[in-house]
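Architecture at a glance
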Amino acid sequence: MFLGSECLLFGGLISTYMLYKGRVNAGPQPDQIFDIPFTSVSSFILLMSSLTMVLAVSAAQRKDERNMNLWLVVTALLGATFVGGQVYEFTSFYREGLGFTTSLFGSSFYTLTGFHGVHVSVGIIMLMALVGMNRNKRIPGDRAEVVELIGLYWHFVDIVWIIIFTLVYLIPS
Amino acid sequence: MTIIERPSTEVAIAGGAPSGVKPSEALGVFKRPAASTSWRDWVVTVDHKKLGIMYGVTAFFFFIVGGVEALLIRLQLIAPDGKVLNADQYNQMFTMHATTMVFLFVMPMAAAFANYFVPLQIGARDVAFPRINAFGFWCFLFGGLFLNSSWFLGGGADGGWFMYAPNSSTLFSPSHGIDFWTLGLQITGIASLTGAINLIVTVLNMRAPGMKMMRMPIFTWMVLVTQFLLLFAIPVITVALFLLTFQRSFDATFFDVASGADPLLWQHLFWIFGHPEVYIMILPSFGIISEVIPVFSKKPLFGYPIVAMSGAAIGFVGWGVWAHHMFASGLGPVSVTVFSMATMAIAVPTGVKIVNWVMTMWGGKLSFTVPMMFAIALVVQFTIGGLSGVTHAVAPSDTQQTDTYYIVAHFHYVLFGGAVFGLFSGFYYWWPKMFRRQLNNAIGKWNFWLMVIGMNLTFGPMHILGLQGQPRRMMVWTEARAGEGFFNFGFWNRVASIGSFILGIGVLLFLVNIIYTHKSKKVAISPLDPWDARTLEWMTHNPPQEHNFDTIPTVGHLDEFFHRKYETDSSTHAVTQVQSAEEVMAELNAHPDEHIHMPSRSYWPILLALSLPVIGYGLIYNRMLMAVGAAMVLLTMFGWSMEPSTSPDEDFDPPAPGEGGGHTKELSPLG
């Protein structure tokens, strides 16, 4: 039941993102400023966080509280690293002269990646809340199910990043 | 109050937890709001029926607002050199009229019926996520109020309801109207999106035993299709609105043609949302009359699976026709041809439905009650609107008609003659179910005829005006340029304006009817099954108890209620009544379910929804306020997730053995 609704929600989100995608290639493309190795590393970090999330979910299903909390925290940290990398990237781009209002490319690039960054941040908040609530034993209902749900969300955000990374950074204009 | 102990069903309505039981405050920040009958109960309710009524009342309020706006527009055009509104006010008026009618009346009114009747029609006790349902309603209310607060804060939006960018950028519209518009629609969009998820999950997962998909009433089918359309259409408009907000508030360049933006971008985004939106508005009404026509024809719906599937087909093809709104924008011959063909193709499933309704009535024992009259009017008026729609599908004639009154005539025939008549049919049909009294028949007939005559007088002449070339948003006409003879602008504009006031009186009579029905001592309580209906929602009390069904019925047929009342002789096809509605109810409720968990009331939905307009005002006026709003969102979300959706079992009696809290689980996923 959950899965159904979540899939539908994501379906809606994906169609949103597909629209953004079209926008990215619409403007002038100062693609010299991309630092592919740096972004690759941060993408790798984000992908690793999916792995740790899987570990957290499996720990939750085994009712292994300690490991579950551990992996959740690790996931959140990896996610935070990614967001940190994005902030660093944004500031360096900005110094190189790509502002939000500079060009169509600027506007759409920051909107797309910014929206994704917000999604990651929301995911981090959810993870931390989960850990906190679990400490205080305040998770209503079935805990493994809640962890799994947040895990699904997290994987979804990661997959979206793979798409964005490919489309924005890797495919030359 | 979550558990209703047998046999004290009165408690369910009157409120109050079973004695000696206190709602827990261990898990929430607030005390769990206790049940009461005062206004407070409406603020914290999660009951789909109450929320449905609240949706209905709010939507009707906005209907009046939008109607007054429309009358002002017609008043302006009733005579040459109209002085009622100046050009700026006129722009705001037609923009807000359309926005209000589309987003704040037709959609939420359909949501009102969907909320109230979908769970009843599929034999469920509530929707899947009751608190999200409440959240959706409050988002809609606050979003609508936010949108309309622009009237008092510098004027409404003035870019037309499709708000074409770059015409809607700050250069051309320096007031805050459009900011209110984008943010207000963003908030109501959240309402639609949450509502869509909620109803889809409800329909897919909470049907009564035996209620297969192909046994669902058509109204539920159409609501399901509509919600899927919403689910995929709303994100698109969300994106478009975000881009416009960024453009206007943060100087982004999405629609800045000077830096290379494509001016068609907005049009594509808007119409990818906008065309499914058209079906979002009409399909629920199709569903309503597909319930009404069989009941008053005393025949099952002709070709039930075809009606259901053609609804789904409309839903699919509806995604491939958006660019027919843009034929005049120079898309290129290939896309114009493709979209032209697709648009003609979508007339086919619509035509199929009309044939099905007519065939249902064919040879039936028709009774011309008010709901039936509205339903028949829908079939007729929508056919007219549909036919003029096909003329738009032909691209060459469309380029002639674009942005003329012909378009206005067309969409008012399908929206007023289609969607609104369907909704009024629903009011009259389901009123006894919701409020125990039938609306007065005589006033209802006056209401009906005034609306039909008024609508044809208003929108019929617009065909002529449009083909004569009157532009769509013309704010004033002059005697000198009105032309002469039968086709002169002046005469037909006057007719249309007079018609609009007849229409207004017709709608007013509906309000009179409501007041008369509920104030007059002479109006008797309606019988349990006043229309000899066919579907599950009539197997409940009038109005239904909080938990809807004492026993969840097991469904063996399409039109289950009918089949419990009647038996058909297989050789002669003679139909004989075997049970009255009261007997069916008594039989069903002979062994009521012992333990019913209902979702508990909550403060969080309204609080979370309340923080959204705060962000909106913050974005427009003061960024600090925005931070306050964001903090409120965060806090209320935490509060929400800390609160279990039903009060924990230990507060109450332990669950019956073997029951295992099964109902709790079914009704309470994180909602």
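Owing to the predicted nature of the structure, the values given are computational and were not obtained by experimental measurement.

Turning next to the overall build of chain A. When helices and strands are tallied, chain A shows five helices and zero strands. Burial analysis of chain A (173 residues in total) assigns 34% to the buried set. Partitioning the intrachain contacts of chain A with sequence separation of at least 6 by distance along the chain shows that 81% fall at a separation of at least 24.

Attention now moves to the overall build of chain B. When helices and strands are counted, chain B shows 20 helices and four strands. Looking at chain B as a whole, 55% of its 671 residues qualify as buried.

Bringing the packing of helix α4 (residues 87-121) of chain B against helix α13 (residues 405-435) of chain B into the picture now. Residues and elements named next belong to chain B. Following both chains from N to C, one finds α4 and α13 inclined at 30°, their axes separated by 11 Å at the closest point. As for the relative orientation of α4 and α13, their crossing is left-handed in sense. Only L415, A419, L423, G426, W430 and M434 of α13 make contact with α4, whose side of the interface consists of V106, M109, F113, Y116 and F117.

Turning our attention to the nonpolar core. In a soluble, globular protein the nonpolar side chains are often hidden away together inside. All names here are of chain B. In this structure, V106, C139, A240 and F374 are the most contacted members of the largest nonpolar core, which totals 193 residues. Sorting elements by how many residues they give to this core places helix α7 (residues 218-250) first, with 22 residues. Dropping the residues within four chain positions of it, C139 is found in contact with I187, T188, I190, A191, A609 and L612.

Okay, the confidence of the model for chain A next. Averaged over chain A, the pLDDT score is 75; the fraction of residues at 70 or greater is 71%. The lowest-confidence element of chain A is helix α1 (residues 2-24) of chain A, averaging 53 in pLDDT; the highest-confidence one is helix α3 (residues 65-95) of chain A, averaging 86.

Time to look at the packing of helix α14 (residues 441-468) of chain B against helix α15 (residues 489-519) of chain B. All names here are of chain B. Relative to each other, α14 and α15 sit at 155°, their axes nearing to 7 Å. The angle between α14 and α15 places the two elements in the roughly antiparallel class. Considering only the axes of α14 and α15, their crossing is left-handed. For the contact of α14 with α15, the residue count by class is 24 nonpolar, 10 polar and no charged.

Right, let's get into the environment of B:K83. In this structure, B:K83 sits in the loop between α3 (48-77) and α4. Separated by 392 residues in the primary sequence, B:K83 and B:M475 have C-alpha atoms spaced 9.7 Å apart.

Residue and element names in this part refer to chain B. Mapped onto the fold, G320 is located in the loop between α9 (304-317) and α10 (333-361). What makes G320 partly exposed here is the crowd of 16 C-beta atoms within 10 Å. For the pair G320 and A342, spaced 22 residues apart in sequence, the C-alpha to C-alpha distance is 6.5 Å.

Attention now goes to unusual backbone geometry. All names here are of chain B. Cis geometry marks the peptide bond from N542 to P543, where omega comes out at -15°. For R436, which is not a glycine, the phi torsion comes out positive at approximately 70°. Mapped onto the elements, R436 comes out in the loop between α13 and α14. Not every positive phi belongs to a glycine, and D532 is a case in point at roughly 55°. Relative to the helices and strands, D532 resides in the loop between α15 and α16 (560-565). Its 17 C-beta neighbours within 10 Å are what place D532 among the partly exposed residues.

Attention now moves to the environment of B:V348. With respect to the helices and strands, the residue B:V348 is situated in helix α10. Measuring from C-alpha to C-alpha, the distance between B:V348 and B:P284 comes to 18 Å, with 64 residues separating the pair along the chain.

Bringing the confidence of the model for chain B into the picture now. Residue and element names in this part refer to chain B. Summarising the model, chain B shows a mean pLDDT of 84, and 90% of its residues fall at 70 or more. The secondary structure element of chain B with the lowest average pLDDT is helix α1 (residues 9-14), at 33, and the one with the highest is α3, at 94. Within the model, pLDDT remains below 50 along residues 1-28, and this stretch shows 60 contacts once partners closer than five positions in the same chain are excluded. When the criterion is pLDDT under 50, residues 648-671 qualifies, and its contacts beyond four places in sequence or with other chains add up to 44 contacts.

Analysis parameters
Residues numbered from 1 in each chain as written. Chains lettered and ligands numbered in written order. Predicted model: local features only at pLDDT ≥ 70, side-chain atom pairs only at ≥ 80, totals over all residues. Helix = DSSP H or I, 4+ residues; strand = E, 2+ residues; numbered from the N terminus. Buried ≥ 20, exposed ≤ 12 C-beta atoms within 10 Å, placed from the backbone. Contact = placed C-beta atoms within 7 Å. Axes fitted to C-alpha atoms, helices over the stretch in contact; angles between N-to-C directions. Left-handed = near helix turned anticlockwise from the far one by under 90°. Core = buried A, V, L, I, M, F, W, Y, C linked by C-beta atoms within 7 Å. pLDDT = per-residue confidence, 0-100. Parallel < 35°, antiparallel > 145°, perpendicular 65-115°, else oblique. Nonpolar A, V, L, I, M, F, W, Y, C, P; charged D, E, K, R; others polar.

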